[in-house]
Amino acid sequence: MAQETTVFSFKISVPFEQWAAVYDSEENKQLMKEEKIVCLYRGINKEDPSSAVVIEQAEEGKSIAMFSNPEVRPLIEEAGHIYDSTVITSYLRS
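Residues numbered from 1 in each chain as written. Predicted model: local features only at pLDDT ≥ 70, side-chain atom pairs only at ≥ 80, totals over all residues. Heavy atoms only, no water.

### Concerning the side chain of Thr 86
Then step 1. As for its position among the elements, Thr 86 is in strand β4 (residues 81-92).
Then step 2. A polar contact of 2.7 Å, which involves the side chain of Thr 86, links it to the side chain of His 81.
Then step 3. At 2.8 Å, the side chain of Thr 86 forms a polar contact with the backbone oxygen of Tyr 83.
Then step 4. In contact with Thr 86, other than residues within four places in its own chain, are Phe 8, Ser 9, Phe 10, Phe 67 and His 81. (Helix = DSSP H or I, 4+ residues; strand = E, 2+ residues; numbered from the N terminus. Polar contact = N/O pair within 3.5 Å; in protein donor to acceptor, adjacent residues only side chain to side chain. Contact = heavy atoms within 4.5 Å.)

### What about the sheet that holds strand β2 (residues 38-45)?
Then step 1. Spatially, the 4 strands line up as an open sheet ordered β2-β3-β1-β4, and their pairing is antiparallel. The open sheet is flanked by β2 and β4, the only strands paired with a single partner. Taken over all neighbouring pairs, the strand axes of this sheet differ in orientation by 20° on average, direction set aside.
Then step 2. Two elements, strand β1 (residues 3-12) and β4, share 8 bridges in a ladder whose sense is antiparallel. Opposite Lys 11, over in β4, you have Ile 82 as the bridge partner. (Pairing = 2+ DSSP bridges. Axes fitted to C-alpha atoms, helices over the stretch in contact; angles between N-to-C directions.)

### Observations regarding the pattern of salt bridges
Then step 1. Overall, the coordinates contain 6 salt bridges when judged by the stated rule.
Then step 2. For the salt bridge of Lys 29 with Glu 26, the shortest nitrogen-to-oxygen distance reads 3.8 Å. Here Lys 29 and its partner Glu 26 are both found in helix α2 (residues 26-35), 3 residues apart, which amounts to about one turn of the helix.
Then step 3. Among the charged side chains, a salt-bridge network with shared partners connects Arg 73, Glu 77 and Asp 84. (Salt bridge = Lys/Arg side-chain N within 4 Å of Asp/Glu carboxyl O.)

This is the structure in structure tokens:
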């Protein structure tokens with residue numbers, strides 16, 4: 001499988017620190033570890049505090065599959081991530 005870098009750009013409905021606390025939680029870290037997904041970066045748009053980005057790296061399709069899992073969606077939304085605002089861009093290492 002190819003290594004894929006996936007960029008998730010999205011809106012949040014809570015302060016970034018509140019959203020980040022959920023993303024950085026031990027439960028989420030464990031889930032990502034099990035799926036072999038590595039977070040390379042997470043941040044807030046300096047001009048728009050309601051816009052965030054996450055950059056993850058994993059085997060091709062893994063990050064998107066986890067994000068698209070219907071069982072995971074409620075957890076994503078509870079964190080303040082506006083699910084339907086998400087723009088996903090993927091890059092493959094050549």
